[in-house]
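Overview (structure and organization)
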Amino acid sequence: MTRQLEAKNVELAITGMTCASCAARIERKLNKLDGVTATVNYATEKAKVAYAGEVAPRDLVAQIEAAGYGATLPAEKPTEAEPTDPTRTLRQRLLGAAVLSVPVVVLAMVPAWQFTYWQWISLALAAPVLVWGAWPFHRAAYANLRHGAATMDTLISIGTLAAFGWSLYALLFGAAGTPGLKHPFELTIERMAGDGAIYLEVAAGVTTFILAGRYFEARSKRRAGAALRALLDLGAKDVAVLTGGGERRIPIGDLAVGDRFVVRPGEKVATDGVVADGGSAIDASLLTGESVPVEVRPGDTVAGATVNVGGRLVVRATRVGADTQLAQTARLVEAAQTGKAQVQRLADRVSAVFVPIVIALAVATLAFWLGAGGSPSAAFTAAVAVLIIACPCALGLATPTALLVGTGRGAQLGILIKGPEVLESTRRVDTVVLDKTGTVTTGKMALVEGDGEVLRLAGAVEAASEHPIGRAIADAARARFGTLPSVVDFRSTPGVGVRGVVEGRTVSVARADGAGTTVGVTWDGEVRGRLTVADTIKPTSAEAVRRLRGLGLTPILLTGDSERVARAVAAEVGIERVIAEVLPKDKADVVRGLQEDGKVVAMVGDGVNDAAALAQADLGLAMGTGTDVAIEAADLTLVRGDLRAAADAIRLSRRTLRTIKGNLFWAFAYNVAALPLAAAGLLNPMLAGAAMAASSVFVVTNSLRLRTFRAS
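Residues numbered from 1 in each chain as written. Predicted model: local features only at pLDDT ≥ 70, side-chain atom pairs only at ≥ 80, totals over all residues. Heavy atoms only, no water.

Selection criterion: UniProt positions are given in the numbering used here, feature names are shortened, and annotations may be inferred rather than shown by experiment.
The name an unreviewed UniProt entry gives the chain is Cation-transporting P-type ATPase B, with Amycolatopsis iheyensis as the organism. Of the comments in the UniProt record for the chain, the one headed Catalytic activity (unreviewed entry) reads "ATP + H2O = ADP + phosphate + H(+)". Its UniProt record gives the chain a comment under Subcellular location (unreviewed entry), which states: "Cell membrane".

1. Examining unusual backbone geometry
How we decide: Secondary structure is summarised from DSSP: a helix means a run of H or I of at least four residues, a strand means a run of E of at least two, and numbering begins at the N terminus for each.
Although it is not a glycine, tyrosine 117 adopts a positive phi angle of roughly 65 degrees. Mapped onto the secondary structure, tyrosine 117 falls in the loop between α3 (88–109) and α4 (118–133). Despite not being glycine, aspartate 524 has its phi angle at roughly 55 degrees, a positive value. Structurally, aspartate 524 is set in the loop between β20 (518–523) and β21 (526–537).

2. Comments concerning the pattern of salt bridges
Oppositely charged side chains can pair when the atoms bearing their charge come close. Which entries qualify depends on this criterion: Salt bridges are defined as contacts in which a side-chain nitrogen from Lys or Arg sits within 4 Å of a carboxyl oxygen from Asp or Glu.
Evaluation of the coordinates by the stated rule reveals 25 salt bridges. Between arginine 264 and glutamate 247 there is a salt bridge, with the nearest N and O atoms lying 2.8 Å from each other. Here arginine 264 is found in the loop between β7 (260–263) and β8 (272–277), whereas its partner glutamate 247 is found in strand β6 (residues 246–251), with 17 residues between them in sequence. With its nearest N and O atoms 3.1 Å apart, the salt bridge here joins lysine 436 to aspartate 561.

3. A word on the environment of leucine 664
As for its position among the elements, leucine 664 is in helix α23 (residues 644–679). Each C-alpha atom of the pair leucine 664 and valine 699 lies 8.3 Å from the other, and the pair is 35 residues apart in sequence.

4. A short note on the packing of α3 against α4
Applicable threshold: Axis definition: a line fit to C-alpha positions, over the contact stretch in the case of helices; interaxial angles, taken between N-to-C directions, run 0 to 180 degrees. Here the angle decides the label: under 35 degrees means roughly parallel, over 145 means roughly antiparallel, 65 to 115 means roughly perpendicular, and every other value means oblique. Here a crossing is called left-handed whenever its near helix is offset anticlockwise from the far helix by less than a right angle, and right-handed whenever the offset is clockwise. By definition, residues are in contact when any of their heavy atoms lie within 4.5 Å.
Remark: α3 packs on α4, axes separated minimally by 9 Å, with the N-to-C direction vectors making an angle of 155 degrees. The angle between α3 and α4 places the two elements in the roughly antiparallel class. You can see that α3 and α4 cross each other, and the crossing is left-handed. Along the contact surface, α3 presents Gln92, Arg93, Gly96, Ala97, Leu100, Ser101, Pro103, Val104, Leu107 and Ala108, while α4 presents Trp118, Ser122, Leu125, Ala126, Pro128, Val129, Trp132 and Gly133.

5. A short note on the environment of valine 384
Tracing the backbone through its elements, the reader meets valine 384 in helix α12 (residues 376–389). Remark: the alpha-carbon pair of valine 384 and alanine 362, spanning 22 residues in sequence, is separated by 7.0 Å. If we skip the residues at most four places from it in the chain, valine 384 touches Ala162 and Trp166.

6. Points about the sheet that holds strand β22 (residues 554–558)
Selection criterion: Only when DSSP finds a minimum of two bridges between them are two strands counted as paired.
Ordered by their spatial adjacency, seven strands build an open sheet running β14-β26-β25-β24-β15-β22-β23, and the pairing between neighbours is mixed. This sheet does not close on itself; its edge strands, each paired only once, are β14 (415–417) and β23 (577–579). Within this sheet the neighbouring strands show an average axis-to-axis angle of 20 degrees, counted without direction. Here strand β15 (residues 431–435) runs beside strand β24 (residues 601–605); their pairing, made up of four bridges, is parallel. Bridged to leucine 434 within β24 is valine 604.

7. Focus: the UniProt feature "transmembrane region" (unreviewed entry) in the chain
Under the feature "transmembrane region" (unreviewed entry), the UniProt entry names residues 94–111, 117–135, 155–176, 196–216, 350–372, 378–405, 664–683 and 689–706. Within residues 94–111, the helical portion is 89% and the strand portion 0%, while the C-alpha atoms at the span's ends are 27 Å from each other. Secondary structure across residues 155–176 comprises 86% helix and 0% strand; the distance between its end C-alpha atoms is 26 Å.

8. Topic: the side chain of threonine 439
Rule in force here: Burial classes: relative accessible area under 20% of the type maximum marks a residue as buried, over 50% as exposed, and values in between as partly exposed (1.4 Å probe, protein chains only).
Looking at where threonine 439 falls in the secondary structure, it is placed in helix α15 (residues 436–440). Judged by relative accessible area, threonine 439 falls into the buried class, the value being 0%. Those residues within four positions of threonine 439 in sequence are excluded, and the remaining contacts are Lys538, Ser541, Val604, Gly605, Asp606, Met623 and Leu643.

The following block contains the structure:
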């Protein structure tokens, strides 16, 4: 009988990836090993690998290095602090390339400014751009070449090297180095001596444009790990532990299972535990989504990072460190981010087909001219012209300009889009899952039933209370009556209610239902009435649900709250399907289940309890009024906290994606149209420059149309 080997897991840090196709290539390489199952995340630059059999971690590293990338095991990770800005090197390349490229492009396009020896100045300025600025593209193109692949990096490298190489040849050995050379602005189609033309503006300009796009992409990508850092920041940093001699504050990392620690009103619970002494109300909305604080007494469990809003508690720690509910939530977020499919750049997908065709056409052009008896100079001029015209300047502008205009317009409307990879999901989304608390509702307790003398006296007593329900009643009373009477002999019984003497009457306000949202008000020994407090629905939520339906989306309400409360909220805003009483760790499972049923899911949420589901969803939308964890785990952020912005965000994202696709089409179309001219040896330098300029102008103009987007 064959013994089944136990699988082991390891997480590798990967370096050298330039696009999502790199991640896919590494994943394929790792999965070719026997007993290995790997998932590579381009955004977090990590590989999660399960391996068994004779495979060792070193074999995994060797396989990745053989693919042309770098990898380190967890123990090998450097101990020094990470640089504060990982995009610094890319930003330096962009700034340097931009400063050097602008004069090169201006001199090439404005004949009146072409002074004596201008071409040699252009060469001196363009050389560092091509060698230093474009180095990441050349390196990536070489790695692609080794594995028989072609991406946008391949196209950039070949095109810029061809433009620079031919320009260098024309300057050193041809007529282009002649003092007083002019590139007249003539859009004529005729055969000409190729050694009199230079294309330095192509090499420098394309490099700068592409670097700009990569920089903005990298700046959004570096946020991928911020959700995990934000989760860790939610926990308490130190804790008051009970010892034989009293209390002693220690770092949270020194807390051990079994320790007893104190949690005062307003403090965070340091770790998961059981209440040993005292009673209070715990605000667990960040972790559970329940809008009503939970009453706890000795024997009840509490979770770390929740907030004590009532009395003093003594808690016995039952789980610490990586075993806590907060840590488990962090692992869920990371797992969801790693498992989310990364959308390859559209340009890469086009380049994978376009590059081999261009190279084949260049070789065929060279062979044809030589075979037809043409001079080697004419043959090489035509072949290189094919490579030069195939490198479209507009390709570097296609994505970043549309993204910058689209995201800029989104920011004006309270919508923040994290990056271009987000947009692909918006086109395919057919189901939208809405968190209840803080998304459909306000997340704040407010009085929904009760008035008169009952409210006035109850508000006076509750004004001295720290409980959220009490504060809601007191706020409603102040809004209704203005100044409230004073209270004396105030007493609070955690989990029960409050009492005090108001205007000579002993008034008691006690919890009247299990959910703690209805209270009974008593004075002089008689029950005088009831007050009901609830998490109120945002006034715009019903309209928002209608707009989402208008986009072809099916709304689902998902909450950790009770079935009764969830059904009432869903009925009021027009949602038919409700999934209630869901634990935080199960929210991501609900989203995953919908995806397994063939749905493309958008998730809208605002709390820590939503973070894993936001990361798991095909499209995550976070309310800007929510927690940093939810915002960082999401793809889109709705700054206004208005659910109607979710519909606007999807509409804007879909329109931005259509604009990017249109830009990419025309970026290639102009150059494809000029390829026959290049192959025929009729490529005039100014005609080539005009084609590139026209395509760039079209791309920018098309992108600027996004500024006309209006919220519905």
